[in-house]
Amino acid sequence: HVQLVESGGGSVQVGGSLRLSCPVSEFVGSVRCMGWFRQAPGKEREGVAGIDITGDIPYYAPFVKGRFTISLDKADNTLNLQLNSLKSEDTAMYYCAVATHPSELLCRSKWWRDDFFAHWGQGTQVTVS
């Protein structure tokens, strides 16, 4: 039973930074792909970043523009998302997610699809003003 609990959200000024964390209680099956999504009120959930944890290969949505960094701390199985140069448009609920039984090709091509991920956290709010 995979448990995901995001933390690190909060309220920051434009241009500020936050570090989101998502400890994974345990890895079940052939876990290879993890990601971060976000959802603003009235909008659909969108992919922010993904990572192939086997090859440490990161993927980012175009709107990230080098501002965010996704990483997995293998020492404590914690997925992180460093948010820098935050904009008001980044205001949203951020979710971490884990996909099971993916291949390298599937992670590369589908990390941005929410239906690709089987396990989700409850979300952590990021507010930029």
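Residues numbered from 1 in each chain as written. Predicted model: local features only at pLDDT ≥ 70, side-chain atom pairs only at ≥ 80, totals over all residues. Heavy atoms only, no water.

A word on the overall build of the chain
Then, number 1: Per the secondary structure count, the chain includes one helix and ten strands.
Then, number 2: Written out in order from the N terminus, the α and β elements of the chain read β-β-β-β-β-β-β-β-α-β-β.
Then, number 3: Computed over the C-alpha atoms, the radius of gyration of the chain is 14 Å, within 12% of the 14 Å expected from 2.2 N^0.38 for a compact globule of 129 residues.
Then, number 4: Oriented by its inertia axes, the alpha-carbon framework of the chain measures out at about 40 × 25 × 25 Å.
Then, number 5: With 129 residues in all, the chain has 43% of them scored as buried.
Then, number 6: Put simply, of all contacts in the chain between residues at least 6 apart along the chain, 60% involve residues at least 24 apart.
Then, number 7: Accessible surface computed for the chain: about 6300 Å², of which carbon and sulfur atoms make up 50%.
Then, number 8: For the chain, the distance from the average site of its 12 positive side-chain charges to the average site of its 13 negative ones is 6 Å. (Helix = DSSP H or I, 4+ residues; strand = E, 2+ residues; numbered from the N terminus. Rg over C-alpha atoms; globule rule 2.2 N^0.38 Å. Buried < 20%, exposed > 50% of the residue type's maximum accessible area, 1.4 Å probe, protein only. Contact = heavy atoms within 4.5 Å. Areas by Shrake-Rupley, 256 points an atom, 1.4 Å probe, with all protein chains shown as cover. Lys, Arg positive; Asp, Glu negative; His and termini not counted. Charge placed at Lys NZ, Arg CZ, Asp CG, Glu CD.)

Brief notes about the nonpolar core
Then, number 1: Ranked by internal contacts, the top residues of the largest apolar core, which has 38 residues, are Met34, Trp36, Val48, Leu79, Leu81, Leu83 and Tyr94.
Then, number 2: For this core, the secondary-structure elements that each account for two or more residues are strand E2 (18-23), strand E3 (33-39), strand E4 (46-52), strand E6 (68-73), strand E7 (78-83), strand E8 (92-99) and strand E10 (124-128).
Then, number 3: Those residues in contact with Val48 that sit more than four places away from it in its chain are Trp36, Phe37, Arg38, Tyr59, Tyr60, Ala61, Phe63, Val64, Phe68, Leu81, Tyr94 and Trp111. (Core = buried A, V, L, I, M, F, W, Y, C linked by side-chain atoms within 4.5 Å.)

Thoughts on the pattern of salt bridges
Then, number 1: Using the criterion set out here, one finds nine salt bridges in the structure.
Then, number 2: A salt bridge links Asp52 to Arg32, with the shortest nitrogen-to-oxygen separation between them at 2.9 Å. Of this pair, Asp52 sits in strand E4 while Arg32 sits in the loop between E2 and E3, placing them 20 residues apart in sequence.
Then, number 3: For Arg32, a relative accessible area of 21% corresponds to the partly exposed category.
Then, number 4: Linked through salt bridges whose partners overlap, the residues forming this network are Arg32, Asp52, Glu104 and Arg108. (Salt bridge = Lys/Arg side-chain N within 4 Å of Asp/Glu carboxyl O.)

With respect to the pairing of E8
Then, number 1: For E8, a buried count of seven out of eight residues is recorded, marking the element as mostly surrounded by other parts of the structure.
Then, number 2: Across seven bridges, E3 lies against E8 in antiparallel orientation. Looking at the pairing, Met34 lines up with Val98 of E8.
Then, number 3: As paired elements, E8 and E10 share three bridges and run antiparallel to each other. Residue Met93 lies in a different strand from E10, and its bridge partner there is Gln125.
Then, number 4: Here E8 pairs with strand E9 (residues 119-120) via two bridges, running antiparallel. Across the sheet, Ala97 pairs through a bridge with Trp120, a residue of E9. (Pairing = 2+ DSSP bridges.)

Details of the environment of Asp73
Then, number 1: In this structure, Asp73 sits in strand E6.
Then, number 2: Sequence spacing of Asp73 and Ser21 is 52 residues, and the spatial spacing of their C-alpha atoms is 9.8 Å.
Then, number 3: Only 3.0 Å separates the side chain of Asp73 from the backbone nitrogen of Ala75, close enough to count as a polar contact. (Polar contact = N/O pair within 3.5 Å; in protein donor to acceptor, adjacent residues only side chain to side chain.)

Regarding the state of the cysteines
Then, number 1: Counting across every chain of the model gives two disulfides.
Then, number 2: The disulfide bridge from Cys22 ends at Cys96, spanning 1.9 Å between sulfur atoms. On the S-S bond that ties Cys22 to Cys96, the torsion sits near 40 degrees, and the link is right-handed. With a gap of 74 residues between them, Cys22 in strand E2 and Cys96 in strand E8 connect regions that are remote in the sequence. In terms of burial, Cys22 and Cys96 fall into one category: buried.
Then, number 3: For the chain, the bonded cysteines connect in the pattern 1-3, 2-4 when numbered consecutively along the sequence. (Disulfide = S-S within 2.5 Å.)

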